[in-house]
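# Commentary on secondary and tertiary structure
Here's the letter readout for the chains.
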Amino acid sequence: MVNKAMPYPLAPWTLKGFAIETLHLVNIDQVRSLIPTGLNLFSVWPGKTIATVYLSSYGSGSVLEYSELIVALAVVADKGKIGGWISHIYVDNADSVAGGREIWGLPKEFAEFTWQEKSVTVHQGNQQLCTLNYDQQSLAWRQKLAVPGFSRLANDLLTFTAKFEALVGFIGSSLDVPTTSPFSSMGLGNSFLTVRSEQMTLQVDAPKVLGVGNGKC
């Protein structure tokens, strides 16, 4: 359903396409200052949390067609809910930028995506944000998964759920984040796992207010 007062659809958004996600162990001390103080960092190893880099392309059958780069720098918890905190998010569709900011409070920015057979590069003008080289998917199995996330809109701390259904498989990859990239200081390094999702249907639900957010976003 399209919001007639705005150029983007109302939530929930249904998106169809494929995605590649890399998982990284990062030092909690490197990302703590970027997490709102109302959220608790979830440690998966002494001094470590999980960061993810998610690259996707949404095409025919989606409420909006666009490519997306999401950087979730940590696993956080609040009021019994555990999910990712999205620190950086880029898309190549202006309506998606507006909807992401105004519905979910996500810090979406516009960027350019260059997809090739086994790689994708993301730029903002002359600045390269990252390049991901990846292998083709061989073995895969159909999975359903609900992934929670957190964001902040004005003074409200929000939570929302992204529901996936896709053919999921593990692949090899190599992520390059230049030192000039806005998220280079997170210490992403090599991923310990890369997941590719094909024939994907993703539904991003409307957010719910958890409370008043504090601290940096």
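My aim in this report is to walk through the structure given alongside it, one point at a time. Quick caveat, the model's predicted, so the values are computed rather than measured.

### Overview of the pattern of salt bridges
All chains considered together, the criterion is met by four salt bridges. Of the charged contacts in the structure, one is a salt bridge between R32 and D29, with a shortest N-O distance of 4.0 Å. Judged by relative accessible area, which is 47%, R32 ranks as partly exposed. The closest approach of N and O atoms between K108 and E68, which form a salt bridge, is 3.7 Å. Residue K108 is located in strand β6 (residues 108-110), and its partner E68 is located in strand β4 (residues 66-78); the two are separated by 40 residues in the primary sequence.

### What about the packing of aromatic side chains?
Per the stated rule, a full pass over the model turns up six aromatic pairs. Each ring, one from Y54 and one from F164, has its centre 6.4 Å from the other, and the planes form 70°; the classification is edge-to-face. Placement of Y54 in strand β3 (residues 48-58) and of F164 in strand β11 (residues 156-170) is noted, with a sequence separation of 110 residues between them. Looking at F164, the relative accessible area reads 19%, which means it is buried.

### Quick word on the environment of A146
The topology assignment puts A146 in strand β10 (residues 141-153). Once residues within four sequence positions are removed from consideration, A146 is found in contact with T161, A162 and K163.

### Here's the deal with the side chain of S181
If you trace the backbone, S181 turns up in the loop between β12 (173-176) and β13 (193-204). The class for S181 is buried, based on a relative accessible area of 4%. There is a polar contact of 3.0 Å between the side chain of S181 and the backbone oxygen of L129. For S181, the contacting residues outside a window of four places in its chain are Q128 and L129.

### Quick notes on the pairing of β3
For β3, the tally of buried residues reaches nine of eleven residues, placing the bulk of the element in the interior. Two elements, strand β1 (residues 13-27) and β3, share eleven bridges in a ladder whose sense is antiparallel. Pairing of H24 across the sheet is with A51, part of β3. Across seven bridges, β3 lies against β4 in antiparallel orientation. Looking across to β4, one finds that Y54 is bridged to I70.

### Things to note about the environment of L23
Along the chain, L23 turns up in strand β1. Sequence separation between L23 and V44 is 21 residues; the distance between their C-alpha atoms is 12 Å. If near-sequence neighbours (up to four positions away) are discounted, L23 is found in contact with I50, A51, T52, S191, F192 and L193.

### A look at the sheet that holds β12
Here four strands make up an open sheet; going across it, the order is β7-β8-β9-β12 and the pairing antiparallel. Among the strands making up the open sheet, the edge pair consists of β7 (112-116) and β12. In this sheet, neighbouring strand axes are inclined to one another by 10° on average, regardless of whether the strands run parallel or antiparallel. In this structure, β7 lies alongside strand β8 (residues 119-124), joined through five bridges in antiparallel fashion. What sits directly across from F113, in β8, is V122.

Conventions adopted
- Residues numbered from 1 in each chain as written.
- Predicted model: local features only at pLDDT ≥ 70, side-chain atom pairs only at ≥ 80, totals over all residues.
- Heavy atoms only, no water.
- Salt bridge = Lys/Arg side-chain N within 4 Å of Asp/Glu carboxyl O.
- Buried < 20%, exposed > 50% of the residue type's maximum accessible area, 1.4 Å probe, protein only.
- Helix = DSSP H or I, 4+ residues; strand = E, 2+ residues; numbered from the N terminus.
- Phe/Tyr/Trp six-rings, centres within 6.5 Å; stacked < 30°, edge-to-face > 60°.
- Contact = heavy atoms within 4.5 Å.
- Polar contact = N/O pair within 3.5 Å; in protein donor to acceptor, adjacent residues only side chain to side chain.
- Pairing = 2+ DSSP bridges.
- Axes fitted to C-alpha atoms, helices over the stretch in contact; angles between N-to-C directions.

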